[in-house]
Every structure is written in C-alpha cells, then in structure tokens.
Amino acid sequence: MAAKPFASSADTDAKEQTLEVLADGVYALTAEGDPNVGAIEGEDFVVAFEALATPTAAREWLAKLREHTDKPVRYLVLSHYHAVRVLGASAFDATVILTHEKTHELIRERGEQDWASEFGRMPRLAKDADSVPGLTWPTQTFADRTTIDLGGDRGELVLEYFGRGHTEGDIVAWLPKQRILFAGDLVEAQAALYTGDAFHKDWAGATLDRVKALQAEMLVGGRGAVSRGREEVDAAIEQTRDFLKVMIREVGAVHERGGTLKEAFENTHAALVDGYGHWPIFEHCLPFDVSRLWDEFSGIERPVIWTAERDREVWDLLQG
Ligand SMILES: [Zn+2]
C-alpha cells in the first residue's frame, strides 16, 4: 500500500461555507467539516465565538456576518487554544478576548509549536498564513463560569468549563433562553475527533455528561453540521462519546497485554473505520489521537507538545 500523504496536506479543495441563522441574532458558520464559528448579537455589540486560522479567513467570515449586523465585536470568545481556531483573532478588533485560564497557560506553554504543527497538518486552513500577526493572547480569563448580559430581552450568554476534554481548557458557550449551545471541539457532529491533546477518560465521562445535562435544543459542534432538536443534539454527543470509548477500549487492550503503539493504531483503525472512516479528517487525526491515548495509558498526565517534527515521526510510524 502506498504511504498516505501527511495529515491533511493533500486536502486542497475549498469547502463551502454556510451562514445559518439559528435564532434571532444567533449565527453559525459551518463548512462541510472545516472548523465552525459562531456569533451572538447583544443589544449594541456582537460576541464572536472562535476566530478561524488567520485574519484573512476571519475577514471572509465577518463579511458574511456583516450582511446581518453591523454591531461592533465587543467580545471574542475562544473555546480552546488550537491554532486553527484562534490565530485569526486580530481581524475582529474585539475589546475583550475571553478564554479559560488554562487556555491562556497553554498558549504560553505551547502556542508557538501548535501554530507550526497545525499549519503544517492543514495548510488549506492557513489561508494567507502571513496575515497572522503573532500568537493570540486572551485579555480576560475565568476558571469555572462567567456570563455576558446581552441586553434588552436577549438573555445572557453563559461561558462554562466542564472539566478536561478535547484539551485542558475547553469551554462551551450556552444561551439558556434560546437553548442553543456552541460546544467547540468537545462535540463533533459527523466529523472525526481530534484527540491529540485530550484527556480521553475525563472527556468520555463527566465532561460530556455535563454537556448533555444542558439539554440543548440546538448544538453547534467544532466541525460538522448544526444539530437541531433534542434527538440530534444527543446523537452528536453520544457519537463523540462512542468514538472515545472505542478508542479507550482498543488502545487499552493492546497496552494492557504489552503490545505496541502500532498495533494499538491498527486495532483502533479497524474498530472505527466502518462507522467513522468516511468522515472529515479521520485518517488525518487517528495517528495523533492514538499516540496521545497511548501516552495516557502509559501514565503521561499531560499531552506531550506536538511539534512539526514529532508530527512527522508519529505519522511515518503509524500511517507511513
Ligand atoms: Zn481543537
């Protein structure tokens, strides 16, 4: 079998972006499996959720949003630190950039390496990569929960941390009045999971339980289609959990019997490919996912920092 091209380096076809109005003043931009973003209107301001990979990519999203509202972006909320979601931040001219406090620490600790790693893995998303002025730094952080009053009768936007999951510092944005949830990468709807910086057991357990307990009527995941209605929302959450549980089962079994990382990868691939192999970024993510989970079973508490070099080593070992 010929070696697979590295990560998503051969994925060069542009995806169609669709702006969806989910409720009065609540917007999502989905893109056929590319990272989703959102926006919520307050009385005289906008809260943007996620920033895309570059200012150029972000400006294209803002141009679509500007067909609906010309209110200034006061808050930019970033669900976690990954480069393809945060490095477009400068385009928003936001007064406040809000993240979890752990996300701030992670940007300090590994933001540079993550930037190089992610742009190498997914060059198509790094549109006009030179437009990125530098790392994105939050101007305000929180630990458990904070709220933004949207003004008038729009209700509030609740930002909440539910424990470790896709990273150490994922937050969700929840509109209790409209019952709409922006879940970041904690939930994917018909897109493969990236778990290279994850805490698989926490994520598959208490963290997703808390996401589900909100009982959202609409959910915008990190990638993939918007889930509409309680049934679709729960299906997206349980799909995410199932992907994690299959990984934990397969990698755990090989680790326990003293097998190799390569065997763990092959068994996990075999167990997931029928159900999930046709989804975006499945082949791209899985080597990094299994590598991190293997480390977790080996007692390595925090994810090892991904660098462009380490990406290639793991890829060549498992997908080469
Ligand atoms: Zn992510």
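- If you check an unreviewed UniProt entry, the protein chain appears there as MBL fold metallo-hydrolase from Nocardiopsis alba.

**Quick notes on the nonpolar core**
At step 1: Counting residues in hydrophobic clusters, the biggest one holds 82 residues, and the most contacted among them are Trp61, Phe92, Leu181, Val187 and Phe243.
At step 2: Tallying contributions element by element places helix H5 (residues 230–256) first for this core, with 10 residues.
At step 3: Apart from the residues lying within four places of it in its own chain, the contact partners of valine 187 are Leu208, Val211, Leu219, Gly221, Gly222, Ala236, Ile237 and Thr240.
At step 4: One finds Val47, Phe49, Val77 and Leu157 within the second-largest nonpolar core, a separate group that totals 25 residues.

**Considering the coordination of the zinc ion**
At step 1: Each protein donor to the zinc ion is listed here as His80 (NE2), His82 (ND1), His166 (NE2) and Asp185 (OD); together their distances run 2.1 to 2.3 Å.
At step 2: Classification of the site at the zinc ion as irregular follows from its four donor atoms and the range of 90 to 175° in their angles at the metal.
At step 3: On the primary sequence, the residues serving as donors to the zinc ion are separated as H-x1-H-x83-H-x18-D. Of the two residues, histidine 80 sits in the loop between strand E5 (73–77) and helix H2 (83–86) while histidine 166 sits in the loop between strand E9 (156–161) and strand E10 (171–175), which places them 86 residues apart along the sequence. Note on accessibility: histidine 80 and histidine 166 belong to one class, buried.

Rules and cut-offs
- Residues numbered from 1 in each chain as written.
- Predicted model: local features only at pLDDT ≥ 70, side-chain atom pairs only at ≥ 80, totals over all residues.
- Heavy atoms only, no water.
- Core = buried A, V, L, I, M, F, W, Y, C linked by side-chain atoms within 4.5 Å.
- Buried < 20%, exposed > 50% of the residue type's maximum accessible area, 1.4 Å probe, protein only.
- Helix = DSSP H or I, 4+ residues; strand = E, 2+ residues; numbered from the N terminus.
- Contact = heavy atoms within 4.5 Å.
- Donors = N, O, S within 2.8 Å, 3.2 Å for Na, K, Ca; no water.
- Tetrahedral: all angles 85-135°; square planar, octahedral: opposite > 155°, others 65-115°.

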